[in-house]
Amino acid sequence: MEASAVILKGPKDLGLAKVALKAPAANDVVVQVAHSGISTGTEKLFWSGAMPPFPGMGYPLVPGYEAAGEVVEAGSNSFYSVGDHVFVPGANCYEDAFGLFGGSAEILVSDASRVTRIDRGFGAQGALLALAATARHAMAGVDKALPDLIVGHGTLGRLLARLTVAAGGPAPTVWEIDPGRMAGAQGYQVMHPDADTRKDYRAIYDASGRADLINDLIGRISRGGEIVLAGFYQDPLSFAFPPAFMKEARLRIAAEWSADDLMATRALVESGALSLDGLITHERTAAEATDAYEQAFTDPSCLKMILNWSAAA
């Protein structure tokens with residue numbers, strides 16, 4: 001079995017090519033992908049060649065961990081049926097390419113335990129569930145405070161803010177330095193950090209991925225406050241100890257989402273408590289993958305780029 005897939009042969013060497021797929025087993029489903037998303041965090045680092053050593057890394061690789069589509073073949077032990085619409089968080093199903101993420105292909109073979117049923121009506125927004133689950137994972141739990149400051153009004157920052165409002169928390173402040181990204185707030189305020197004089201934030205969530213901000217953020221928390229690193233960081237992290245000592249600062253790294261996060265996020269979207277509207281700003285066909293990835297990584301006006309695989313079917 002073969003499929004068209006996005007292949008990253010090396011830094012900035014990306015295009016669409018045919019790849020051989022591993023044969024599905026009894027626990028697997030075969031999914032015809034309708035839409036896949038492009039991550040401006042981890043995938044950008046692979047594309048640029050700036051990714052630090054990462055388990056399972058290697059070229060050529062198929063990027064992508066945000067895919068939604070229809071089950072076209074269901075294994076006897078899969079508990080899925082042909083016609084089910086599902087979200088697939090990537091797949092390692094290729095004979096001749098690394099599937100470190102592996103979701104940017106027209107056909108995916110995945111263990112059924114990794115996929116999640118979603119409403120067909122989600123359309124292209126179905127590919128956003130992983131990012132929404134990532135935001136939820138950073139916030140959810142009895143020992144975690146909701147953010148009162150979020151750094152960055154990109155897709156992840158907007159999801160963190162929307163989830164805070166959906167959870168009934170006080171509307172957070174969101175920092176953004178790009179004038180083109182200041183719009184689009186839903187029930188919260190977006191401002192340039194220079195316009196904010198507050199220095200008593202209890203929980204700051206950084207969605208910018210900028211390692212050089214930590215010292216500035218430490219200066220903005222209250223004593224015992226927490227800084228949550230919710231992005232993905234290319235550069236080593238460091239900070240001046242005395243200010244952090246005086247603040248008795250806490251630093252937390254938000255890990256990858258779990259299946260529970262995905263289920264909870266899906267329920268929030270289906271109930272209307274969490275809107276995914278306005279997050280997808282660009283959509284291109286899979287045949288335009290080379291240009292789509294470059295635009296996603298270099299155009300500040302692009303919050304989320306979606307590849308449409310319908311023409312590849």
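For the structure itself, look to the data block above.
Residues numbered from 1 in each chain as written. Predicted model: local features only at pLDDT ≥ 70, side-chain atom pairs only at ≥ 80, totals over all residues. Heavy atoms only, no water.

### Things to note about the nonpolar core
Note the cut-off: By nonpolar core is meant a set of buried Ala, Val, Leu, Ile, Met, Phe, Trp, Tyr and Cys residues that side-chain atoms within 4.5 Å join together. In this scheme, a residue with accessible area under 20% of its type's maximum is buried, one over 50% is exposed, and one in between is partly exposed, where area comes from a 1.4 Å probe on protein chains only. Helical segments are the DSSP runs of H or I of at least four residues, strand segments are the runs of E of at least two, and each set is numbered from the N terminus.
Counting 81 residues, the largest nonpolar core has Y94 and L160 as the members making the most contacts within it. Per element, the largest residue contribution to this core is eight residues, and it comes from helix 2 (residues 129-139). One finds L149, V151, L217 and L229 within the second-largest nonpolar core, a separate group that totals 16 residues.

### Quick notes on the sheet that holds strand 8 (residues 149-151)
Test applied: DSSP bridges decide pairing: two strands pair if at least two such bridges lie between them. Axis angles are defined between N-to-C directions and span 0 to 180 degrees, where every axis is a line fitted to C-alpha atoms and, for a helix, only to the segment in contact.
Strand order in the open sheet formed by six strands is 10-9-8-11-12-13, with parallel pairing between adjacent strands. Each edge of the sheet is formed by a strand with only one pairing partner; in this case those strands are strand 10 (189-191) and strand 13 (250-253). Looking at each pair of strands side by side, their axes are set apart by 20 degrees on average, direction ignored. Two strands pair when backbone bridges link them, and strand 11 (residues 201-206) and strand 12 (residues 221-229) are joined in this way by five bridges, in the parallel orientation. Each bridged residue has a counterpart across the sheet, and for I204 the counterpart in strand 12 is I227.

### Here's the deal with a nonpolar patch on the surface
We count it as follows: For patches, a residue must show more than 30% relative accessible area and have no salt bridge; joins then use 9 Å for like charges and 5 Å for nonpolar side chains, namely Val, Leu, Ile, Met, Phe, Trp and Tyr. Computed by Shrake-Rupley with a 1.4 Å probe, the accessible areas treat only the displayed protein chains as cover when residues are assessed. Salt bridge, as applied in this entry: a Lys or Arg side-chain nitrogen positioned within 4 Å of an Asp or Glu carboxyl oxygen.
Residues F239, F241, F245, M246 and L251 make up a contiguous nonpolar surface patch of about 570 Å² in total accessible area. Here the nonpolar patch gets three residues from one element, more than from any other, and that element is helix 5 (residues 241-247). Note on F241: relative accessible area 56%, which makes it exposed.

### What to know about the side chain of D196
Note the cut-off: By the counting rule applied here, Lys and Arg register as positive and Asp and Glu as negative, while His and the ends of each chain are not counted. Under the rule applied, a polar contact is a pair of N or O atoms within 3.5 Å (in protein, one hydrogen donor and one hydrogen acceptor; residues adjacent in sequence only if both atoms are side-chain atoms).
By the secondary structure assignment, D196 is in the loop between strand 10 and strand 11. Buried within the structure, D196 lacks any salt-bridge partner; R220 is the closest side chain of opposite charge, at an N-O distance of 4.1 Å. Separated by 2.9 Å, the side chains of D196 and W175 make a polar contact. Polar contacts involving the side chain of D196 include one to the side chain of Y201, which spans 2.6 Å.

### What to know about the pairing of strand 4 (residues 67-74)
As paired elements, strand 3 (residues 28-37) and strand 4 share seven bridges and run antiparallel to each other. Counterpart to V29 in the pairing with strand 4 is A74. By the bridge criterion, four bridges tie strand 4 to strand 5 (residues 85-88) in an arrangement that is antiparallel. Paired with G69 across the strands is V86, a residue of strand 5.

### Description of the packing of aromatic side chains
For any pair of aromatic rings, the description consists of the separation of the ring centres together with the inter-plane angle of the planes. Which entries qualify depends on this criterion: Put simply, two rings from Phe, Tyr or Trp (the six-membered ring, in Trp's case) pair if the centres are within 6.5 Å, and we call them stacked under 30 degrees between planes, edge-to-face over 60, tilted for the rest. Note on criteria: charge over ring means Lys NZ or Arg CZ within 6 Å of the ring centre, with the direction from the centre no more than 35 degrees off the ring normal.
Applying the stated criterion across every chain yields a total of five aromatic pairs. Taken together, a centroid distance of 5.8 Å and an interplanar angle of 75 degrees make the contact between F46 and F101 edge-to-face. Residue F46 is located in helix 1 (residues 42-48), and its partner F101 is located in the loop between strand 5 and strand 6 (107-111); the two are separated by 55 residues in the primary sequence. On the basis of relative accessible area, F46 is assigned to the buried category, the value being 1%. Their ring planes at 35 degrees and their centres at 5.7 Å tell us that F241 and F245 sit as a pair that is tilted. Taken as a pair, F241 and F245 lie in helix 5 at a separation of four residues, close to a single helical turn. R117 extends its terminal NZ or CZ atom over the ring of Y80, reaching a point 4.1 Å from the ring centre.

### A few points about unusual backbone geometry
Despite not being glycine, F79 has its phi angle at roughly 65 degrees, a positive value. Residue placement: F79 occurs in the loop between strand 4 and strand 5. You can call F79 exposed: its relative accessible area is 74%. A positive phi angle is found at E248, which is not glycine, with a value near 50 degrees. Relative to the helices and strands, E248 is located in the loop between helix 5 and strand 13.

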